[in-house]
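Structural overview for review
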Amino acid sequence: MRMPTTELAERSVMAGDGATMVDVSGLNVGFKNAKGLVRAVNGVDLQLKRGEVLALLGESGSGKSVTLRALIRLNPEHKSIVSGRIVVAGTDVTTLAPEAMQDFRGGVASMIFQDPGLALDPVYRVGDQIAETVMRHKKVSRQEARKRALELFERVRIPSPERRLDAYPHELSGGMRQRAMIALSLSCDPQVLLADEPTTALDATVQIQILLLLRELQRDLGLTVIFVTHDIGVAVEVADRIAVMYAGRIVETGPVAEVIRGARHPYTLGLLATRAHGGRLQGRRLRTIPGNPPDLASLPPGCPFAPRCSSVEARCREIEPPLVELGPAHRMRCVLGT
């Protein structure tokens, strides 16, 4: 997916007005297993203004989904070790009691999961699942909650919404299940929406439809959105800013236009180089980033990308990469900028 240059620039200027809705600093998430501590997220800082859309971009295993789940404490608490500051819509998430956390999820921050077939309960009708959520958070009657579910089905453009309310998840197509998942996530008027690769399992045509729907809903409702993806084209389509993650760290971040046109970190450049652009690669091999992501239970010293980096220097293997300012809102963690 490609976006006109003028629109990229306009979105970079327009984004970011209003109050801070997500304020994360020094976030670390580790999981205990037989090998020790798997450090899935390492010192992540994120700040989003009201109505801003951030894409978390990176390979599988880079820590994107774990970061997203940490914002609403969905990582298994008995297995995970979390530290750092997590403030969402003015609430310190780390201090909430379990019951208050249940009110927070859905009512303040909501999540669209990657596979709606697993997120939706297979033994309950889709409309009943949405109505139950509305009743729990809004304290309304079942009739009012069902009316709200119907309104949401119409808003996310599910065909024959009255009939689909009484369908079970397996009776809906993949695209309609994802629309139902979006309706469920919006049912209690959240301020922050977390989307964990919501279009990955969909075919290209349906993917575009869902992305356009999410952009429209975000603008109409003024939502603050964090969108996890490994697809640069999707990030360009939906986001105002991009944060590139590798080995649990944000290695480059900035407005979409600046990161796409002026990427500086070797990992970001590698991701951009792996994209196929129309027919320009016909007859040639698609470029790849050599090697494999590091073992998060045994991260190497220095920069974790050093073993795969084509621009590696001796100091890369010895020191933690510093945060380098590339522009007013464009930063990267790499010794090459010093």
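Structure first, text after, so check above.
A brief report on the enclosed structure follows. Sequence order as written defines residue numbering, which begins from 1 separately in each chain. Given that this is a predicted model, residues contribute local features only at a pLDDT of at least 70 and side-chain atom pairs are listed and counted only at 80 or more, while totals for whole chains, interfaces and linings are drawn from all residues. With hydrogens and water stripped out, all remaining heavy atoms of the structure feed into the side-chain values.

Focus on the side chain of His330
Secondary structure counts use DSSP, requiring at least four H or I residues in a row for a helix and at least two E residues in a row for a strand, with both numbered from the N terminus. Structurally, His330 is set in the loop between β11 (323–325) and β12 (331–333). Taking the relative accessible area as the measure of exposure, His330 reaches 4% and is therefore buried. Note on contacts: a residue pair is in contact if any heavy atoms of the two residues lie within 4.5 Å. Excluding anything up to four places from it in sequence, His330 contacts Glu252, Thr253, Gly254, Glu258, Val259, Gly262, Val324 and Glu325. When accessible area is computed with a 1.4 Å probe and restricted to protein chains, residues below 20% of their type maximum are described as buried, those above 50% as exposed, and intermediate ones as partly exposed.

So, the pattern of salt bridges
In what follows, salt bridge is the name for a side-chain nitrogen of Lys or Arg lying within 4 Å of a carboxyl oxygen of Asp or Glu. In the structure shown here, the tally under the stated rule is 15 salt bridges. Measuring nitrogen to oxygen at the nearest pair gives 2.9 Å for the salt bridge that ties Asp189 to Arg148. Taken together, the residues Asp189 in the loop between α8 (174–186) and β7 (192–196) and Arg148 in helix α6 (residues 142–155) connect sequence positions 41 residues apart. A relative accessible area of 44% places Asp189 in the partly exposed class. The partly exposed category is assigned to Arg148, whose relative accessible area is 21%. Measuring nitrogen to oxygen at the nearest pair gives 3.0 Å for the salt bridge that ties Arg215 to Glu237. Taken together, the residues span a long stretch of sequence, with Arg215 in helix α9 (residues 204–221) and Glu237 in helix α10 (residues 232–238) at a distance of 22 residues.

Remarks on α9
Since the α-helix turns once every 3.6 residues, residues separated by three or four places project in the same direction. By definition here, a helix of n residues has an expected span of 1.5 Å times n minus one. Taking 1.5 Å of rise per residue, the 18 residues of α9 would be expected to cover 26 Å, and the 26 Å separating its terminal C-alpha atoms lies within 8% of that figure. Considered for burial, the residues of α9 that qualify are Val206, Gln207, Ile210, Leu211, Leu213, Leu214, Arg215, Leu217 and Gln218. Any N or O atom pair separated by 3.5 Å or less is treated as a polar contact, with the protein-specific requirement of one donor-capable and one acceptor-capable atom, and with residues adjacent in sequence counted only for side-chain atom pairs. Two or three places before Thr205, at the start of α9, stands the capping residue Asp203, its side-chain oxygen 3.2 Å from that residue's backbone nitrogen. Just past α9, the residue Gly222 takes up positive phi, approximately 65°.

Considerations on the packing of α6 against α8
Here α6 crosses α8 at 130°, and the two axes come no closer than 9 Å. Here α6 is positioned oblique relative to α8, judged by the angle of their axes. Helix-helix and strand crossings are classified by hand; for α6 and α8 the assignment is right-handed. Side by side, α6 and α8 meet where Arg148, Leu152 and Phe153 of the first sit next to Ala180, Ala183 and Leu186 of the second. Here the contact of α6 with α8 is built from residues that sort into five nonpolar, no polar and one charged. Angles run from 0 to 180 degrees between N-to-C directions of axes, and those axes are lines fitted to C-alpha atoms, restricted for helices to the stretch in contact. Here roughly perpendicular refers to angles of 65 to 115 degrees, roughly parallel to angles under 35, roughly antiparallel to angles over 145, and oblique to all remaining angles. Each crossing gets its hand from how the near helix is turned against the far one by less than a right angle, where anticlockwise is left-handed and clockwise is right-handed. Ten residues, namely Ala, Val, Leu, Ile, Met, Phe, Trp, Tyr, Cys and Pro, are considered nonpolar, four, namely Asp, Glu, Lys and Arg, are considered charged, and the remaining ones, Gly among them, are considered polar.

What to know about the nonpolar core
Side chains that are nonpolar tend, in soluble globular proteins, to be buried together. Ile130, Phe153, Ile182, Phe227, Ile242 and Tyr267 are the most contacted members of the largest nonpolar core, which totals 64 residues. With seven residues, α8 is the largest single contributor of residues to this core. Segmentation into domains, and thus their bounds, comes from an automatic or database assignment. When residues of this core are sorted by domain, at least three fall in each of domain 1 (5–108 + 190–278 + 286–337) and domain 2 (121–189). Leaving out residues up to four positions away in the same chain, Phe153 has contacts with Val126, Ile130, Ile158, Pro161, Arg164, Leu165, Ala180 and Ala183. Buried Ala, Val, Leu, Ile, Met, Phe, Trp, Tyr and Cys residues that are joined via side-chain atoms within 4.5 Å together make up what is termed a nonpolar core. Of all hydrophobic cores here, the second largest spans 34 residues; its members include Val22, Leu96, Met101 and Phe104.

Quick word on the environment of Cys303
With respect to the element layout, Cys303 can be found in the loop between α12 (266–273) and β11. By relative accessible area, Cys303 is classed as buried at 13%. The contact partners of Cys303, leaving out residues within four places of it in the chain, are Cys316, Ile319 and Pro321.

Examining the pairing of strand β3 (residues 53–57)
Remark: a regular strand shows side chains that alternate across the two faces of the sheet. The element β3 is largely enclosed, with a buried count of five among its five residues. Covered by surrounding structure in β3 are Val53, Ala55 and Leu57 together with Leu54 and Leu56, the residues of both alternating faces. In this description, strands pair whenever DSSP reports at least two bridges between them. Pairing of β3 with strand β8 (residues 224–229), which is carried by five bridges, proceeds in the parallel orientation. Of the residues in β8, the one forming a bridge with Leu56 is Val228.

Description of the packing of α8 against α9
The geometry of α8 relative to α9 is characterised by a closest axis approach of 10 Å and an angle of 15° between their N-to-C directions. The angle between α8 and α9 places the two elements in the roughly parallel class. Two packed elements cross with a definite hand, and for α8 against α9 that hand is right-handed. On α9, the residues that touch Gly175, Gln178, Arg179, Ile182 and Leu186 of α8 are Val206, Gln209, Ile210, Leu213, Leu214, Leu217 and Leu221. Here the contact of α8 with α9 is built from residues that sort into eight nonpolar, three polar and one charged.

Some thoughts on empty space enclosed by the protein
Here the term cavity refers to a set of points on a 1 Å grid, laid over the protein atoms alone, in which a 1.4 Å probe fits but cannot get out; the term pocket refers to an open set having protein on both sides within 12 Å along at least five of seven lines, with lining residues being those that place an atom within 4 Å of a point. Grid points are joined across faces, edges and corners, and a volume is the space filled by probe spheres set on the points. Enumeration over the complete set of coordinates arrives at three cavities of 30 Å³ or more. Roughly 90 Å³ of volume is contained in the largest cavity. Of the residues contributing to the lining of the largest cavity, the split by class is 12 nonpolar, two polar and no charged. Within this model, the second largest cavity holds a volume of roughly 40 Å³. Forming the walls of the second largest cavity are Arg249, Val251, His265, Cys303, Pro304, Pro321 and Arg333. For the lining of the second largest cavity, the residue count by class is four nonpolar, one polar and two charged.

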